[in-house]
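# Examining the three-dimensional arrangement
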Amino acid sequence: MRTVVLLVEHGPDRSLGFVVNRPAQIEFSRVVRELNPDAADTAPEVPVMVGGPVSPETGWIVYGAPQGRYAPEDEVTIQVADSIRVSPSRDRLARLSEQPAAPAHMLVLGYAGWGGGQLDAEIQAGSWIPVELDESVVFETPSDDRWNTALAKAGINPMLIVSTGDGGLS
């Protein structure tokens, strides 16, 4: 299925990630208006992705943050990498909707989740190919090109990957 997942948490009890290459059929400005009908129609262009099949009614903001810059203390934020954070905060969404431009931001609706050991078993079965996180793939590469680009940056020729028919890759 050529899915690119930004893995946010991976541990013995659970794993959490967001699909970052499946555009949603809704624009950011519409999401903002649905949450706040009084919102200005000047919301920036922010990509909206289908983040996964779990809780599609929830939204998370994935954003680039300069090193050393953190969210307000009252905001729930997960640091994914030195300069990538995710937050389900409605306050962050409201602040984002008021910006004239929002580079290095995306809204993901829903998430991908795995129970303890499930993701490791899927990786071992060949269903996923883990690659190093590259922020340019997440924020700068067009969503349709993220799968090929992520593999190429890892030194893998995407043309050599064949589906086994059982959901795995070979």
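Residues numbered from 1 in each chain as written. Predicted model: local features only at pLDDT ≥ 70, side-chain atom pairs only at ≥ 80, totals over all residues. Heavy atoms only, no water.

## Quick word on the environment of Gln25
What counts is decided by this rule: Strands are runs of DSSP state E lasting at least 2 residues, helices are runs of H or I lasting at least 4, and numbering of each runs from the N terminus. Burial classification: accessible surface area is computed with a 1.4 Å probe over protein chains only, and a residue below 20% of its type maximum counts as buried, one above 50% as exposed, and the rest as partly exposed.
Summarising the element assignment, Gln25 is placed in the loop between strand 2 (14-19) and helix 1 (28-35). For Gln25, a relative accessible area of 79% corresponds to the exposed category.

## A few points about the layout of surface pockets
Which entries qualify depends on this criterion: Here the term cavity refers to a set of points on a 1 Å grid, laid over the protein atoms alone, in which a 1.4 Å probe fits but cannot get out; the term pocket refers to an open set having protein on both sides within 12 Å along at least five of seven lines, with lining residues being those that place an atom within 4 Å of a point. Grid points are joined across faces, edges and corners, and a volume is the space filled by probe spheres set on the points. Gly is placed with the polar residues, together with every amino acid not listed as nonpolar (Ala, Val, Leu, Ile, Met, Phe, Trp, Tyr, Cys and Pro) or charged (Asp, Glu, Lys and Arg).
Size it by volume and the largest pocket reaches roughly 1,200 Å³. Considering the residues around the largest pocket, the lining is formed by 41 residues, among which Thr3, Val4, Val5, Trp128 and Ile129 are closest to the centre. Elements represented by at least two residues in the lining of the largest pocket include exactly strand 1 (5-10), strand 7 (105-115), helix 3 (118-124), helix 4 (135-139) and helix 5 (146-153). With four residues, helix 5 is the largest single contributor of residues to the lining of the largest pocket. Residue classes in the lining of the largest pocket are distributed as 28 nonpolar, seven polar and six charged. Of the volumes computed, that of the second largest pocket is approximately 280 Å³. Around the second largest pocket sit 16 residues that line it, and Val31, Leu35, Glu57, Thr58 and Gly59 are the ones nearest its centre. Listing elements by their share of the lining of the second largest pocket, those giving two or more residues are helix 1, strand 4 (54-64), helix 2 (90-97) and strand 7.

## A look at helix 5
Which entries qualify depends on this criterion: Here the arc refers to the directions that run from the helix axis out to each C-beta atom. Contacts are residue-level and defined by heavy atoms, with any inter-residue pair within 4.5 Å sufficient.
Three or more residues of helix 5 are buried, namely Arg146, Trp147, Ala150 and Leu151. Each buried residue of helix 5 lies within a common arc of 125 degrees when the element is viewed along its axis, so the set occupies one face. Residues of helix 5 that are buried sit in contact with strand 3 (48-50), strand 7 and helix 4. The positive-phi residue at the C-terminal boundary of helix 5 is Gly155, with phi of around 80 degrees.

## Description of the nonpolar core
Rules: The definition of a nonpolar core used throughout is a set of buried Ala, Val, Leu, Ile, Met, Phe, Trp, Tyr and Cys residues joined through side-chain atoms within 4.5 Å.
Among the nonpolar cores identified, the biggest contains 21 residues, and Leu6, Val8, Val62, Ile84, Val86, Met106 and Val108 are the most heavily contacted of them. Mapped by element, the contributors of at least two residues to this core are strand 1, strand 2, strand 4, strand 5 (78-81), strand 6 (84-87), strand 7, helix 4 and helix 5. Excluding residues that lie within four positions of it along the chain, Met106 makes contacts with Val20, Val46, Pro47, Met49, Trp60, Ile61, Val62, Val138 and Arg146. Core analysis: the next-biggest nonpolar cluster, separate from the first, contains 15 residues, Ala39, Tyr63, Ala65 and Leu93 among them.

## Some remarks on the side chain of His105
As for its placement among the helices and strands, His105 is situated in strand 7. Given a relative accessible area of 12%, His105 falls into the buried group. Those residues in contact with His105 that sit more than four places away from it in its chain are Val46, Pro47, Ile61, Val62, Tyr63, Leu96 and Phe139.

## A short note on the pattern of salt bridges
We apply this condition: Basic side-chain nitrogens of Lys or Arg form a salt bridge, by our definition, when they fall within 4 Å of a carboxyl oxygen of Asp or Glu.
For the coordinates displayed, the defined rule picks out three salt bridges. Between Glu34 and Arg30 there is a salt bridge, with the nearest N and O atoms lying 3.0 Å from each other. Of this pair, Glu34 and Arg30 both sit in helix 1, separated by four residues, roughly a single helical turn. Overall, Glu34 belongs to the exposed group, its relative accessible area being 51%. Between Asp134 and Lys153 there is a salt bridge whose closest N-O contact spans 3.2 Å. Taken as a pair, Asp134 in the loop between helix 3 and helix 4 and Lys153 in helix 5 lie far apart in primary sequence, 19 residues in all. The partly exposed category is assigned to Asp134, whose relative accessible area is 26%.

Interpretation note: all reported values are geometric properties and have no functional meaning in isolation.
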